[in-house]
Amino acid sequence: QQQVKQSPQSLIVQKGGISIINCAYENTAFDYFPWYQQFPGKGPALLIAIRPDVSEKKEGRFTISFNKSAKQFSLHIMDSQPGDSATYFCAGGRGSNYKLTFGKGTLLTVNP
Amino acid sequence: ETGVTQTPRHLVMGMTNKKSLKCEQHLGHNAMYWYKQSAKKPLELMFVYNFKEQTENNSVPSRFSPECPNSSHLFLHLHTLQPEDSALYLCASSQEGAGGANVLTFGAGSRLTVL
């Protein structure tokens, strides 16, 4: 089965620091790479997504960096805040196709 | 009610019980999904319904039985489960064929414990 490998499993960052989560995919047919954010007791929610025709996408403090040749992409959270503490999932998929392949998730803790 | 609503939020059942999980979406989406979330594992897609028709059964054991009576409601019927089936079961919906990316809207999940 085509996988999306996510690292690290957990991450602790001080307030104001940069959080970086990495993902690698195998399926070269993927053309859509979303990140989902999940708070305790809630379902995952779409945070930001990128298509492989661009190398970077930024929305506020959140940036996706994409390296098509390496089949890797990463989420950068600038000026991390305690409210960013959550589990983050990367995923890969094909356009509007219903099937997303998720990574195992990264538990981010931002200390005050 | 808005978004995707799941009930019950918590469920404890014995291995011989029969129970059901319910999901309702208020977004006008045409596709609904069941995912299984276990600790330290990727989200596992179980079933997909598109316009009420099941389009995906991801090799799920028959002790899990989905039902989609209309495009707003989705059920997961449970019977003779095993302790390893204990997990968070997430329902999601999306709008298929909208010409854009498939954005899933998840419910808060039903936490299932099998004794």
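Quick note: structure is the one above.
Residues numbered from 1 in each chain as written. Chains lettered and ligands numbered in written order. Predicted model: local features only at pLDDT ≥ 70, side-chain atom pairs only at ≥ 80, totals over all residues. Heavy atoms only, no water.

Chemist: Can you lay out the overall build of chain B for me, pointing to particular residues and giving the numbers?
Modeler: On a plain count of helices and strands, chain B comes out with 0 helices and 11 strands. The linear arrangement of helices and strands in chain B, starting from the amino end, is β-β-β-β-β-β-β-β-β-β-β. Expected size for 115 residues packed as a compact globule is a radius of gyration near 13 Å; at 14 Å, chain B falls within 12% of this value. Projected onto its principal axes, the C-alpha positions of chain B cover 45 × 30 × 25 Å. Counting across all 115 residues of chain B, residues that qualify as buried make up 45%. When the accessible surface of chain B is split by element, carbon and sulfur atoms take 50% of a total near 5300 Å². Treating the 10 positive side-chain charges of chain B as one cloud and the 9 negative ones as another, the clouds have centres 9 Å apart. (Helix = DSSP H or I, 4+ residues; strand = E, 2+ residues; numbered from the N terminus. Rg over C-alpha atoms; globule rule 2.2 N^0.38 Å. Buried < 20%, exposed > 50% of the residue type's maximum accessible area, 1.4 Å probe, protein only. Areas by Shrake-Rupley, 256 points an atom, 1.4 Å probe, with all protein chains shown as cover. Lys, Arg positive; Asp, Glu negative; His and termini not counted. Charge placed at Lys NZ, Arg CZ, Asp CG, Glu CD.)

Chemist: Can you break down the interface of chain B and chain A residue by residue, with the values?
Modeler: The partner chain A presents 20 residues to the 24 residues of chain B that form the contact. At the boundary of chain B with chain A, the tally comes to 4 residue pairs in polar contact (both at pLDDT 80 or more). It is strand β4 (residues 31–37) of chain B that contributes the most residues to the side of chain B that touches chain A, 3 residues altogether. Partitioned by chemical class, the residues of the side of chain B that touches chain A number 13 nonpolar, 6 polar and 5 charged. (Contact = heavy atoms within 4.5 Å. Polar contact = N/O pair within 3.5 Å; in protein donor to acceptor, adjacent residues only side chain to side chain. Nonpolar A, V, L, I, M, F, W, Y, C, P; charged D, E, K, R; others polar.)

Chemist: Mind laying out unusual backbone geometry, listing which residues take part and the relevant values?
Modeler: Of note, the amide linkage connecting Ser 7 of chain A to Pro 8 of chain A takes the cis form, showing an omega dihedral of -5 degrees. On the secondary structure map, Pro 8 of chain A appears in the loop between β1 (4–7) and β2 (10–14). Located in the positive-phi region is Lys 71 of chain A, a residue other than glycine, with phi close to 55 degrees. Assignment of secondary structure puts Lys 71 of chain A in the loop between β7 (62–67) and β8 (72–77). A relative accessible area of 29% places Lys 71 of chain A in the partly exposed class. Of note, the phi angle at Thr 80 of chain B is positive, near 50 degrees, even though the residue is not glycine.

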